[in-house]
Amino acid sequence: MSEGEKNVIRKEFKGEAKIGKTMKNFASISLKPEDLSSPIAFQMAISRLYESLMKVFESGGPESTYIAEVRITDDIGNQVSLAIDLGSSIPPFSSEKVKAEVKVTLYEE
């Protein structure tokens, strides 16, 4: 390890990814757990979703993209999920389920 790398910790996680097609502009449209906490919270969430949908269609409509939903298990057993935008072309895999590796590097600047 060189002098510049003495305070570096690296960790690698293995998991799986599911690849699917989604609408890129719909990323701002989401439900949170608290949106389901009461009928009023749900009503407000539906209103927010409706407004977001209208903005997407006013701005030229949805754009499609391929996304990989990567799932790993962290060191204390929590399921962690993240999304990777693969672009508008069909990914070169024969299956929608593939293996994934996530590399994490911790360091000070």
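Residues numbered from 1 in each chain as written. Predicted model: local features only at pLDDT ≥ 70, side-chain atom pairs only at ≥ 80, totals over all residues. Heavy atoms only, no water.

## Overview of a nonpolar patch on the surface
Right, on to step 1. Judged by side-chain polarity, Leu31, Leu36, Phe42 and Ile46 come together as a nonpolar surface patch covering roughly 370 Å² of accessible area.
Right, on to step 2. Summarising the element assignment, phenylalanine 42 is placed in helix α1 (residues 39-58).
Right, on to step 3. On the accessibility criterion, phenylalanine 42 (36% relative accessible area) is partly exposed. (Patch = residues over 30% accessible without salt bridge, like charges linked within 9 Å, V, L, I, M, F, W, Y side chains within 5 Å. Areas by Shrake-Rupley, 256 points an atom, 1.4 Å probe, with all protein chains shown as cover. Salt bridge = Lys/Arg side-chain N within 4 Å of Asp/Glu carboxyl O. Helix = DSSP H or I, 4+ residues; strand = E, 2+ residues; numbered from the N terminus. Buried < 20%, exposed > 50% of the residue type's maximum accessible area, 1.4 Å probe, protein only.)

## Here's the deal with the confidence of the model for the chain
Right, on to step 1. When the pLDDT values of the chain are averaged, the result is 89; 93% of them are 70 or greater.
Right, on to step 2. Ranking the elements of the chain by mean pLDDT puts α1 last with 89 and strand β4 (residues 97-106) first with 97. (pLDDT = per-residue confidence, 0-100.)

## What about α1?
Right, on to step 1. For α1, which comprises 20 residues, the first-to-last C-alpha distance of 29 Å matches the rise-based estimate of 28 Å (1.5 Å per residue) to within 8%.
Right, on to step 2. Of the residues trailing α1, glycine 60 is marked for its positive phi of about 110 degrees. (Expected span 1.5 Å × (residues − 1).)

## Remarks on the side chain of aspartate 35
Right, on to step 1. Within the fold, aspartate 35 resides in the loop between β1 (9-23) and α1.
Right, on to step 2. Judged by relative accessible area, aspartate 35 falls into the buried class, the value being 6%.
Right, on to step 3. Ignoring any residue separated from it by four or fewer positions in sequence, one finds aspartate 35 in contact with Ser30, Ala41, Phe42, Ala45 and Arg48. (Contact = heavy atoms within 4.5 Å.)

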